[in-house]
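Residue-level listing of the chains:
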Amino acid sequence: MDLNKSGSVEETIFTSKVNGIKAAYTGDNKKVLVSHVGELNQDMVNTISSIVETQMENLGVSKNAVKRIFNIVIEALQNICLHGEKDNNGYQMTYFIIGKKGNEFNIYSGNIISNSRVDSLNRRLNAIKSLSDTELKKHYMEVLSNGELSVKGGAGLGFLTIQLKSNKTMDFEFQTLNRDFSLFSLHSKVEG
Amino acid sequence: MNRLEILETGNTPYILFDSSANVFRIEGKSFPEDCKEFYSPVIAWLDKFKAVNPKTLAVSFNLFYLSSSSIISVKQLLLKLADFQSMGTDVTVIWNYDDDDDDIKKTGEDYLKITKLKFQFQVNP
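This is a predicted model, so every value here is computed, not measured.

Attention now goes to the pattern of salt bridges. A pair can form between side chains of opposite charge whenever their charged atoms are brought close. Going through the model one piece at a time under the given rule, you end up with 18 salt bridges over all chains. The partner of A:Lys17 in a salt bridge is A:Glu173, with the nearest N and O atoms 2.6 Å apart. Of this pair, A:Lys17 sits in helix H1 (residues 9-23) while A:Glu173 sits in strand S4 (residues 171-176), and the two are 156 residues apart along the sequence. With a shortest N-O distance of 2.9 Å, B:Asp101 and A:Lys67 are connected by a salt bridge. Here B:Asp101 is found in the loop between strand S5 (90-97) and helix H3 (102-115), whereas its partner A:Lys67 is found in helix H3 (residues 63-83) on a different chain. If you follow the salt bridges from partner to partner, you end up with B:Asp47, B:Lys50, B:Lys80 and B:Asp83 in one network.

Following this line, the structure appears as structure tokens:
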């Protein structure tokens, strides 16, 4: 599957998603602060997170909110690096956008995943979303106590961290691209 | 074998383990792409250091950001220190944090609960 084929179904879905997000941040008191589309590697993670941190500080966002935003940004970006799939040409289609609406920072990320992974990820994220504050913290402690690094290097704490730091506003969506792949999108909010 | 020094990078902490100078510290931020790759040599060094059978071991942490995977890796590092404690070494974890950094303070408290090591909490000046 070549996601870069102009006008392909996959590219259309991907581009519509990205444009739809950006369109929500035009107008009064709204702004797209950061936008990255395409391949993502660790060097870019470092660069993007550094830019985000500086931007937040320049906007006078509270230290507490900057930390939360930085936390979510790193988890979202590293999630893409670890789990984002590549097409047949070794090209990894991802997006990362931060939109500001008044004092609210909206962090969006997306990556391709195999359709075979959609069900289990969907269940896992729904389970996390159903947890109350107390249950969430308890589950976090359990994973921390028992957690090991997986073969891929993840620890299973990433989504829990995002849910915690975003004050339980983590939202997600799967869009089928074709027989093999779907677009996995994540969105969370932090009050500045 | 007496000394391990890893310079800090854009996403990994500064680490100095010097048994001659009796300095053991980890400082900065931690969000490497591959936590196993970064922390394995550090944990392996500690494993070899067991042969020295030190009487005391005080390790100072001053981390201001830990990615979720790093939190697991640091836990594994602390559990390695707990091995020393079982061997009879008097182990102290000095957990430094900024005054307004509840997250890092709380992470230290979580580690204390999990590892049962002796923790000294210190606010950065």
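After presenting the structure, the write-up continues.
This part is about unusual backbone geometry. Phi angles above zero are rare outside glycine, and A:Lys168 is one such case at about 60°. On the accessibility criterion, A:Lys168 (32% relative accessible area) is partly exposed. At B:Asn22, a position not held by glycine, the phi torsion is positive, near 55°. Mapped onto the fold, B:Asn22 is located in the loop between strand S2 (14-18) and strand S3 (23-30).

Glancing now at the nonpolar core. Counting residues in each nonpolar core, the largest one holds 80 residues, and the members touching the most others are B:Phe17 and B:Phe61. Sorting elements by how many residues they give to this core places H3(A) first, with 10 residues. In this structure B:Phe61 touches B:Ile26, B:Val74, B:Leu77, B:Leu78, B:Val93, B:Ile94, B:Trp95 and B:Asn96, once residues within four positions along its chain are discounted. Ranked by size, the runner-up nonpolar core spans 12 residues in total, among them A:Val18, A:Tyr25, A:Tyr95 and A:Ile97.

Next up on the list: the sheet that holds strand S4 (residues 56-66) of chain B. In sheet architecture, strand pairing relies on hydrogen bonds along the backbone and comes in two forms, parallel and antiparallel. Residues and elements named next belong to chain B. An order of S1-S2-S3-S4-S5-S6 is seen for the six strands of this open sheet, with the pairing classed as mixed. Only two strands of the sheet have a single neighbouring strand rather than two, namely strand S1 (3-6) and strand S6 (118-123). Between one strand and the next, the sheet's axes are offset by a mean angle of 15°, whatever the strand orientation. The strands touched by helix H2 (residues 68-87) are S3, S4, S5 and S6; relative to S4, the strand with the most contacts, the crossing angle is about 175°.

This part takes up the interface of chain B and chain A. Taken residue by residue, the interface counts 25 residues in chain B and 29 residues in chain A. Summing the contributions of chain B and of chain A, the shared interface buries around 2,200 Å²; its carbon and sulfur component is 52%. Our enumeration of links across chain B and chain A arrives at three salt bridges. Of the charged contacts, one joins B:Asp100 and A:Lys63 as a salt bridge, the two residues approaching to 3.2 Å between their closest N and O atoms. At the boundary of chain B with chain A, the tally comes to 12 residue pairs in polar contact (both at pLDDT 80 or more). When residues of the side of chain B that touches chain A are traced back to their parent elements, those giving at least two are helix H1 (35-49), S4, H2 and H3 of chain B. In the side of chain B that touches chain A, the residues fall into 10 nonpolar, six polar and nine charged.

Rules used throughout
- Residues numbered from 1 in each chain as written.
- Chains lettered and ligands numbered in written order.
- Predicted model: local features only at pLDDT ≥ 70, side-chain atom pairs only at ≥ 80, totals over all residues.
- Heavy atoms only, no water.
- Salt bridge = Lys/Arg side-chain N within 4 Å of Asp/Glu carboxyl O.
- Helix = DSSP H or I, 4+ residues; strand = E, 2+ residues; numbered from the N terminus.
- Buried < 20%, exposed > 50% of the residue type's maximum accessible area, 1.4 Å probe, protein only.
- Core = buried A, V, L, I, M, F, W, Y, C linked by side-chain atoms within 4.5 Å.
- Contact = heavy atoms within 4.5 Å.
- Pairing = 2+ DSSP bridges.
- Axes fitted to C-alpha atoms, helices over the stretch in contact; angles between N-to-C directions.
- Buried area = accessible area lost by both parts, 1.4 Å probe.
- Polar contact = N/O pair within 3.5 Å; in protein donor to acceptor, adjacent residues only side chain to side chain.
- Nonpolar A, V, L, I, M, F, W, Y, C, P; charged D, E, K, R; others polar.

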